[in-house]
Amino acid sequence: MFIDKVEISVKSGAGGNGCVSFRREKYIPNGGPDGGDGGKGGDIVFVSDTGLNSLIDFRYKKKFVAKSGENGGKKNCSGKDADDLIIKVPVGTIIREANSKKIMADMSQPNQKRIIAKGGKGGNGNQHYATSRRQAPRYSEQGGMPQEYKLILELKLIADVGLVGMPNAGKSTLLSMVTNAKPKIANYQFTTLAPNLGVVRSKFNDFVMADIPGLIEGASHGMGLGYEFLRHIERTKLLLHVVDLACPDASNPVDNIKKINNELFEYSKALEGKKQIIVGNKIDLPNAQKNIEELEKFCLQNNYKLFLISAATNVGLNELMLYTAKLLETIEDTVTFSEDYVEEETVENKRFIVEKICDGYFKVSGKAVEKMMGYTNLETDEGFNFFQKYFRENKIIDLLKEKGMQEGDTIKILNYEFEYFE
Ligand SMILES: Nc1nc2c(ncn2[C@@H]2O[C@H](COP(=O)(O)OP(=O)(O)OP(=O)(O)O)[C@@H](O)[C@H]2O)c(=O)[nH]1
Ligand SMILES: [Mg+2]
């Protein structure tokens with residue numbers, strides 16, 4: 001089975017907690033703080049590996065969780081950092097955040113490395129919070145939270161040349177004649193059910209060619225099979241548009257080319273700009289001749305290079321492949337996908353959150369504020385002065401004023417309530 005799109009979940013490791021501890025030695029009654037730091041949680045790291053060519057490994061394993069950092073210990077013992085969890089994917093894999101469908105990473109280069117979920121930072125032990133005034137801090141920092149994502153992995157085959165056209169046009173036959181691929185060939189529509197890849201060897205350069213299931217009218221709205229696979233050809237440098245010259249039904253090659261192009265361009269604007277060579281196939285059949293003149297005219301008008309071939313009997317294939325190889329050298333690598341995922345500002349990563357609950361009542365929260373409250377003793381003058389200074393220096397007062405706070409209003413922080421006076 002060909003798997004090219006999977007949904008998985010990943011979670012990095014939490015940071016280890018900092019430790020609260022005090023030195024205990026014989027004859028030293030009040031030892032200083034000696035709580036060690038927590039270790040960092042493991043990252044979730046994606047690496048593109050040239051040895052892989054499908055996402056099949058993700059069929060059974062869909063959940064990836066990195067280990068947490070170790071907690072800090074007594075006697076200044078730091079917790080160990082957790083190992084990162086490495087996930088290998090084939091080159092050409094696109095990693096999307098599943099809810100927004102935004103692209104977090106485009107693994108189009110070999111051996112690319114991307115951290116997708118960062119491990120939590122290790123928390124500081126209480127030894128960091130000792131000051132001349134606060135010699136026995138009973139506070140240590142919690143380890144950072146892990147990051148968790150649902151991801152869609154999508155594999156875009158990286159072929160230089162894509163074969164497109166209606167079912168039964170002879171795409172697979174062509175691929176089988178010019179590469180060592182062995183696709184199924186038969187005289188009925190939708191013989192090809194999934195893309196096939198082959199390598200064309202030419203005296204200029206070798207290139208990769210992909211055959212996708214035939215397209216039909218309405219494909220861009222989900223008709224037929226080909227649509228699902230169009231994303232594979234988005235990255236190709238060049239399209240060979242194969243058309244049956246002898247169209248068995250009442251249609252003719254020019255109409256069929258137009259139909260396919262409508263579907264392609266409907267699917268993606270990027271395909272509109274992609275170079276196409278028109279390949280009229282089955283020239284060996286007597287019915288082929290009557291359509292050639294009109295097709296030549298159409299190609300001339302639309303600036304398409306035209307080749308007339310017989311894939312089955314190997315007529316014109318050499319010329320077509322040589323031209324293709326030469327043309328490829330003039331086309332730059334196709335665009336990579338732009339990464340557009342932006343990490344949301346969550347409660348976790350926002351330092352201060354200032355909210356107006358109702359008239360005269362405001363709430364301040366956020367990680368930084370809560371941490372400060374944790375190590376500030378508001379019962380003492382020193383502690384309270386520090387708290388006020390902290391609010392001024394971090395411009396929290398300004399933020400509150402922007403929200404409309406006035407003299408005498410109440411501010412709630414954790415379980416405390418304060419009245420504000422200038
Ligand atoms: N006479 C003749 N028949 C051909 C030629 N090329 C392909 N055919 C026949 O056309 C039929 C379809 O060929 P395929 O290569 O399977 O066509 P396809 O475009 O891959 O079709 P789908 O996979 O269904 O999209 C087969 O019976 C082939 O033998 C040719 O040059 N001349
Ligand atoms: Mg086929």
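For clarity, every value in this text was computed on a predicted model and none was experimentally measured.

Definitions and cut-offs
Residues numbered from 1 in each chain as written. Chains lettered and ligands numbered in written order. Predicted model: local features only at pLDDT ≥ 70, side-chain atom pairs only at ≥ 80, totals over all residues. Heavy atoms only, no water. Near = heavy atom within 4 Å. Polar contact = N/O pair within 3.5 Å; in protein donor to acceptor, adjacent residues only side chain to side chain. Areas by Shrake-Rupley, 256 points an atom, 1.4 Å probe, with all protein chains shown as cover. Helix = DSSP H or I, 4+ residues; strand = E, 2+ residues; numbered from the N terminus. Salt bridge = Lys/Arg side-chain N within 4 Å of Asp/Glu carboxyl O. Buried < 20%, exposed > 50% of the residue type's maximum accessible area, 1.4 Å probe, protein only. Pairing = 2+ DSSP bridges. Axes fitted to C-alpha atoms, helices over the stretch in contact; angles between N-to-C directions. Contact = heavy atoms within 4.5 Å.

> Where do I start with the site of ligand 1 in this structure?
Contacts to ligand 1 come from 24 residues, most closely from Lys 171, Thr 173, Phe 190, Thr 192 and Asp 284. The contact in question runs from an oxygen atom of ligand 1 to an N or O atom on the side chain of Ser 310, over 3.2 Å. Here ligand 1 loses 89% of its free accessible area of 650 Å² to cover by the protein chains. If you tally residues by element for the shell around ligand 1, the top one is helix H1 (residues 171-178), at three residues.

> Looking at this model, I keep getting lost on the pattern of salt bridges. Mind explaining?
Using the criterion set out here, one finds ten salt bridges in the structure. Across the pair Glu 154 and Lys 5 runs a salt bridge, and its minimum N-O distance is 3.9 Å. Placement of Glu 154 in strand E8 (residues 148-155) and of Lys 5 in strand E1 (residues 5-11) is noted, with a sequence separation of 149 residues between them. Judged by relative accessible area, Glu 154 falls into the buried class, the value being 7%. Where Lys 121 meets Glu 141, a salt bridge forms, and the shortest distance between an N and an O atom there is 3.6 Å.

> Looking at this model, I keep getting lost on the sheet that holds strand E11 (residues 206-211). Mind explaining?
Backbone hydrogen bonds hold the strands of a sheet together, and the pairing may be parallel or antiparallel. Strand order in the open sheet formed by six strands is E10-E11-E9-E12-E13-E14, with mixed pairing between adjacent strands. Edge positions in the sheet fall to strand E10 (196-201) and strand E14 (305-308), since each of these pairs with one other strand and no more. Here the strands of the sheet are splayed against their neighbours by 25° on average, with no regard to which way each runs. Judged from the five bridges that link them, strand E9 (residues 161-165) and strand E12 (residues 238-244) form a sheet pairing that is parallel. Across the sheet, the residue bridging to Leu 163 is Leu 240, located in E12. Its contacts with the sheet put helix H3 (residues 253-267) on E9, E12 and strand E13 (275-281), and the angle it makes with E12 is roughly 140°.

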